[in-house]
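Overview (structure and organization)
Take a look at the letters that make up each chain.
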Amino acid sequence: MTLQQGVFDGFAVLTLGSALLVVTQRQILHCALWLIATLGAIAGFYVLLGADFLAAAQVLLYIGGVMVIMLFVIMLSHVPLVPQESVKNAQWLPALLACGLTVIGFGWTIGRVSWYGQELPIATNRGEIFEPTTASLGQLLLTELALPFELVSLVLVAALVGAVFFTRRPES
Amino acid sequence: MGIIFPAAWPPLARQLLVMLGQCAAILAVINLTVMFLIWLERKVSAHMQSRLGPMYAGGWHGWAKSIADGIKLLVKQDIVPTGADPWVHRLAPVIAFVPAFACYAPLPFGRQLAAVNLDIGILYVFAISGLSVLGILMAGWGSGNKYSMLGGLRAAAQLVSYEVPRVLSVVPVLLWVGSQNLSLIVDTQRHFKWFLFYPNPLVGVIAFLVFFTASVAECNRTPFDIPEAESEIVAGFHTEYSGIKFAFFFLAEYAFVFLSAGLGAVLFLGGGDGVLLPSWVWFLFKTFLLVFVFMWVRWTFPRFRVDRLLAFSWKFLTPVSFANIVLAGLTLHWLS
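Small disclaimer: the values here were computed from a predicted structure and weren't measured.

Some remarks on the domain arrangement of chain B
Residue and element names in this part refer to chain B.
- Domain assignment breaks chain B into domain 1 (11-74) and domain 2 (76-335).
- Summarising the inter-unit geometry, the C-alpha centres of domain 1 and domain 2 are found 19 Å apart.
- Tallying the contact residues gives 19 residues for domain 1 and 22 residues for domain 2.
- Around 2,000 Å² of area is buried between domain 1 and domain 2 when both sides are counted, 79% of it from carbon and sulfur atoms.
- Counting the surface domain 1 buries against domain 2, the share from its top three residues, L37, E41 and L73, is 30%.
- Inspection of the region where domain 1 meets domain 2 yields one salt bridge.
- The closest approach of N and O atoms between E41 and R298, which form a salt bridge, is 3.7 Å.
- Inspection of the domain 1/domain 2 interface yields five residue pairs in polar contact (both at pLDDT 80 or more).
- Counting residues per element, the side of domain 1 that touches domain 2 draws most heavily on helix 1 (residues 11-48), at 15 residues.
- A per-class count over the side of domain 1 that touches domain 2 returns twelve nonpolar, five polar and two charged.

Looking at the pattern of salt bridges
All names here are of chain B.
- Under the definition given, this model contains five salt bridges over all chains.
- The salt bridge partner of R298 is E253, with a shortest N-O separation of 3.9 Å. Linking R298 in helix 11 (residues 279-298) with E253 in helix 10 (residues 243-268), this pair joins segments that are 45 residues apart in sequence.
- On the basis of relative accessibility, which here comes to 13%, the residue E253 falls in the buried class.
- Counted as one network, the salt bridges with shared partners bring together E41, E253 and R298.

Focus: the nonpolar core
- Ranked by size, the top nonpolar core spans 99 residues in total, and within it L71 of chain A together with L182, I185, L267 and F268 of chain B carry the most contacts.
- The element that contributes the greatest number of residues to this core is helix 10 of chain B, accounting for 14 residues.
- In this structure I185 of chain B touches I122, V173, L174, V177, S179, Q180, F195, V266 and L267 of chain B, once residues within four positions along its chain are discounted.

As for the environment of G272 of chain B
Residue and element names in this part refer to chain B.
- Note on placement: G272 falls in the loop between helix 10 and helix 11.
- Along the chain, G272 and T287 lie 15 residues apart, while their C-alpha atoms are 10.0 Å from each other.
- Setting aside its immediate chain neighbours within four residues, G272 contacts R111, V186, S279, W282, F283 and K286.

A look at the domain arrangement of chain A
Residue and element names in this part refer to chain A.
- The domains assigned to chain A are domain 1 (1-79) and domain 2 (131-172).
- Each of domain 1 and domain 2 has a C-alpha centre, and these two points are 23 Å apart.
- Across the contact, four residues belong to domain 1 and five residues belong to domain 2.
- Counting each side, the surface lost to burial between domain 1 and domain 2 is near 300 Å², with a carbon and sulfur contribution of 56%.
- For the pair domain 1 and domain 2, the interface holds zero salt bridges.
- If you look at where domain 1 meets domain 2, you find zero residue pairs in polar contact (both at pLDDT 80 or more).
- Per-class residue counts for the side of domain 1 that touches domain 2 are two nonpolar, one polar and one charged.

Quick word on the interface of chain B and chain A
- Contact with chain B, which involves 27 residues of that partner, is made by 26 residues of chain A.
- Interface area, chain B with chain A, both sides summed: about 2,300 Å², of which 82% is carbon and sulfur.
- When the buried surface of chain B facing chain A is broken down by residue, L134, W141 and L153 of chain B rank first, second and third, together holding 25% of it.
- Linking chain B to chain A there are zero salt bridges.

Focus on the confidence of the model for chain B
- When the pLDDT values of chain B are averaged, the result is 82; 96% of them are 70 or greater.
- When the elements of chain B are averaged for pLDDT, helix 9 (residues 230-233) of chain B gives the smallest value, 70, and helix 4 (residues 121-129) of chain B the largest, 88.

Re a nonpolar patch on the surface
Residue and element names in this part refer to chain B.
- Taken together, the side chains of W60, W63, I67, I71, L74, V75 and I244 make up a nonpolar region of the molecular surface, amounting to roughly 780 Å² of accessible area.
- Top contributing element to the nonpolar patch by residue count: helix 2 (residues 65-75), with four residues.
- For I244, the position within the fold is in helix 10.

Definitions and cut-offs
Residues numbered from 1 in each chain as written. Chains lettered and ligands numbered in written order. Predicted model: local features only at pLDDT ≥ 70, side-chain atom pairs only at ≥ 80, totals over all residues. Heavy atoms only, no water. Domains from an automatic or database assignment. Contact = heavy atoms within 4.5 Å. Buried area = accessible area lost by both parts, 1.4 Å probe. Salt bridge = Lys/Arg side-chain N within 4 Å of Asp/Glu carboxyl O. Polar contact = N/O pair within 3.5 Å; in protein donor to acceptor, adjacent residues only side chain to side chain. Helix = DSSP H or I, 4+ residues; strand = E, 2+ residues; numbered from the N terminus. Nonpolar A, V, L, I, M, F, W, Y, C, P; charged D, E, K, R; others polar. Buried < 20%, exposed > 50% of the residue type's maximum accessible area, 1.4 Å probe, protein only. Core = buried A, V, L, I, M, F, W, Y, C linked by side-chain atoms within 4.5 Å. pLDDT = per-residue confidence, 0-100. Patch = residues over 30% accessible without salt bridge, like charges linked within 9 Å, V, L, I, M, F, W, Y side chains within 5 Å. Areas by Shrake-Rupley, 256 points an atom, 1.4 Å probe, with all protein chains shown as cover.

This is the structure we're talking about:
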């Protein structure tokens, strides 16, 4: 087992373990905290793959942005400190079916691609450091992928305008 | 070196030892700096209010005050309130404290003096420093106290709001350098081509002022210290903390002050650029100058009101930074 494999396995256990705790914890704030651990471990995978920009963006946006807002909303909505009722509810069977189908779909797609035998580009013990990705990402986003990039920003603007519309106070 | 690193050791073990050594060095330097800053803050505030400040501990101008304070906090009783969520309460100071130190890794303390030469330097610092707000939120919620909770909520709203102009204010510098590498940013500014005034003084000064204001807010310092406003919510998110856990929050705050001042020096004041003296002396001089301005601001201005604080970020600083980015782009266009 190489070091790389060991680190990968560590992150995998961390991701899956914390993801499991997200759905089984009964205190909703604890769920959110475990979700932070999951997202952080995924950033670890990005680092392992040599995607430095993506890893930093994951931490900045998902943990520093999305999760902070989520914790903020949980704290605003009167959640008592003592654990809530059971995490199961009446719709557990349809939910299980939907999740099972998703897992099968993803598994089938992932299984069709040959992943093995490809070395990951990370440095192991000497000074060989992976290629920085920021410059090439920027080039791609402003040339080849300019249209999808702009479309995504259009979607975000629509979401922002929608949020402003719904929170607008009626004029008196 | 042969004794410390026997050649027979696997390279991985050696590399880990070097990394541990680097971490220990950063921790030691930052802790000493923070203790000095706490003493300095007491002295600066005292002299601004026509007092003398600490004069007793250690003899000369109370230089040992921070050491005495540190020992006091270490031996104090560690209390976890009955109504608290124990693990969230215990973990919160650690989560607030660790990012402050992790951020120092790519900071160049002089020419070729960064612990890690990171290509995504600035992005890394912004991403990691954003994590400490989680510690504040966890402290606010996990203490089981409504004042703590209010402090945590205020901290979240404030830090998320000011993160936006802080990141945007740096964009002109990135446009001019074409890289996020902090060492490269310092190298580009050699021979007094500091970004504060070099390609376009207007853009440079606006960017610096926005960055500095947002940094003061990110450090939770007066006039932006509403998460711990003692006149309204006791001590905010750290109301229920005592002893070493309180010390962690305190250390984190001052570590962020020094980091923000250092970043300001690196991004806008040429980092270690200067004449005669070695580069690290210039870096420390500029950084401590900015730290002094931080303290000056703190002991001069009164506290903002919550709603005005948020409006100031969203309705003033953010649009100004966007306009500044356009100006920086135009400057670049005219120059080329």
